[in-house]
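Reading the structure
Each chain, letter by letter, is given below.
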Amino acid sequence: MTEKCRCGDHHAWAAPNPQDRPTAARQPLLASTLAREDRVEDTGGLDPTDRVTCRTHRRWLHECVASPVHTNPAIGYRWCRRCDHQALVAVDELTGDVAIHCGLCGRTPRSRANQDLVELCRRSLALARAGRFPETAVA
């Protein structure tokens, strides 16, 4: 299902691409975090919008947050309410910077949902680094 927006482009709103889903997590910390978040979410103890991993793509959130699947106009994730348009996300894994800006007006959409998303991506980055470099992780 696609929907026409005011920018003239078609954006995929519905189903994720099945090729985006890796067969298994290759990193132990990612695999254990995915399993824990899946389990806690299934029991009602975790809101799906509070995850640092992606249940759809089976990756750290910061690695796939730019996918159209992560746009949710209803709650405001990756959405510019001013332009009624999808916002873009840029994640710099070296500096840890996460930025969201509108694809039409270029401004940063200020919403609690987008602020939470930036913070979740930063936490995701920190955990991914800890998984790659466990000797530098602080207990």
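Quick summary incoming for the structure in this document. (Residues numbered from 1 in each chain as written. Predicted model: local features only at pLDDT ≥ 70, side-chain atom pairs only at ≥ 80, totals over all residues. Heavy atoms only, no water.)

1. What to know about the overall build of the chain
Operational definition: Labels follow the DSSP assignment, with helices taken as runs of H or I lasting at least four residues and strands as runs of E lasting at least two, numbered in each case from the N terminus. With a 1.4 Å probe rolled over the protein chains alone, any residue whose accessible area is under 20% of its type maximum counts as buried; one over 50% counts as exposed, and the rest are partly exposed. Values of accessible area rely on a 1.4 Å probe in the Shrake-Rupley scheme; residue burial ignores everything except the protein chains shown.
Across its full length, the chain carries three helices and seven strands. Starting at the N terminus and ending at the C terminus, the chain contains elements arranged as β-β-α-β-β-α-β-β-β-α. Buried positions account for 35% of the 139 residues belonging to the chain. Accessible surface for the chain amounts to roughly 8500 Å². Of this, 51% is attributable to carbon and sulfur atoms.

2. Quick look at the nonpolar core
Note the cut-off: Working definition of a nonpolar core: buried Ala, Val, Leu, Ile, Met, Phe, Trp, Tyr and Cys residues. They are joined through side-chain atoms within 4.5 Å. Only heavy atoms enter the contact rule, under which two residues are in contact if any of them lie within 4.5 Å.
Of all hydrophobic cores here, the largest spans 18 residues; its most connected members are Leu61, Val65, Val98, Ile100 and Leu117. Elements that contribute at least two residues to this core include exactly helix H1 (28-42), strand E6 (85-92), strand E7 (97-102) and helix H3 (112-132). By residue number, the principal contributor to this core is H3, which donates seven residues. Apart from residues lying up to four places away in sequence, Val65 is in contact with His70, Arg78, Val89, Val91, Leu117 and Cys121.

3. Here we look at the pairing of E7
Inclusion rule: By definition, two strands form a pair when at least two bridges between them are found by DSSP.
The two faces of E7 differ: Val98, Ile100 and Cys102 on one face are buried, but Asp97, Ala99 and His101 on the other face are not. Looking at chain direction, E6 and E7 are connected through six bridges and run antiparallel. The partner of Ala90 across the bridge, within E7, is Ala99. If you look at the hairpin formed by E6 and E7, you'll find four residues sitting between the two strands, and Gly96 has a positive phi there, around 80°.

4. Structural notes on the sheet that holds strand E5 (residues 79-80)
Strand pairing within a sheet occurs via backbone hydrogen bonds; the two strands may be parallel or antiparallel. Note the cut-off: The axes are straight lines fitted to the C-alpha atoms, using for helices just the contacting stretch, and the angles between their N-to-C directions are given from 0 to 180°.
Pairing is antiparallel across the open sheet formed by three strands, whose spatial order is E5-E6-E7. Across the chains shown, the open sheet's two edge strands, defined by having one partner strand only, are E5 and E7. Against the sheet, H3 makes contact with E5, E6 and E7, and its axis sits at roughly 150° relative to E7, the strand it touches most.

5. Side note on the pairing of E6
Note that E5 and E6 share two bridges and pair antiparallel. Counterpart to Cys80 in the pairing with E6 is His85. In this structure, the hairpin formed by E5 and E6 is closed by a connection of four residues, where Asp84 is found at a positive phi of approximately 55°.

6. So, the pattern of salt bridges
Filter applied, for reference: In what follows, salt bridge is the name for a side-chain nitrogen of Lys or Arg lying within 4 Å of a carboxyl oxygen of Asp or Glu.
Evaluated as defined, the whole model comprises eight salt bridges. For the salt bridge of Asp38 with Arg51, the shortest nitrogen-to-oxygen distance reads 2.7 Å. With Asp38 in helix H1 and Arg51 in the loop between H1 and strand E3 (53-54), the pair connects residues that are 13 residues apart, well separated along the chain. Pair check on accessibility: Asp38 and Arg51 agree, each one buried. Because the salt bridges share partners, they merge into one network encompassing Glu37, Asp38, Glu41, Asp42, Arg51, Arg55 and Arg58.

7. Let's talk about unusual backbone geometry
Glycine aside, residues mostly have negative phi, and peptide bonds are mostly found in the trans state. One non-glycine residue, Arg58, adopts positive backbone phi at about 55°. Mapped onto the elements of the fold, Arg58 is located in the loop between E3 and strand E4 (59-60). For Arg78, which is not a glycine, the phi torsion comes out positive at approximately 55°. Along the chain, the position of Arg78 falls in the loop between helix H2 (61-64) and E5. Classification of Arg78 by relative accessible area gives buried; the value is 1%.

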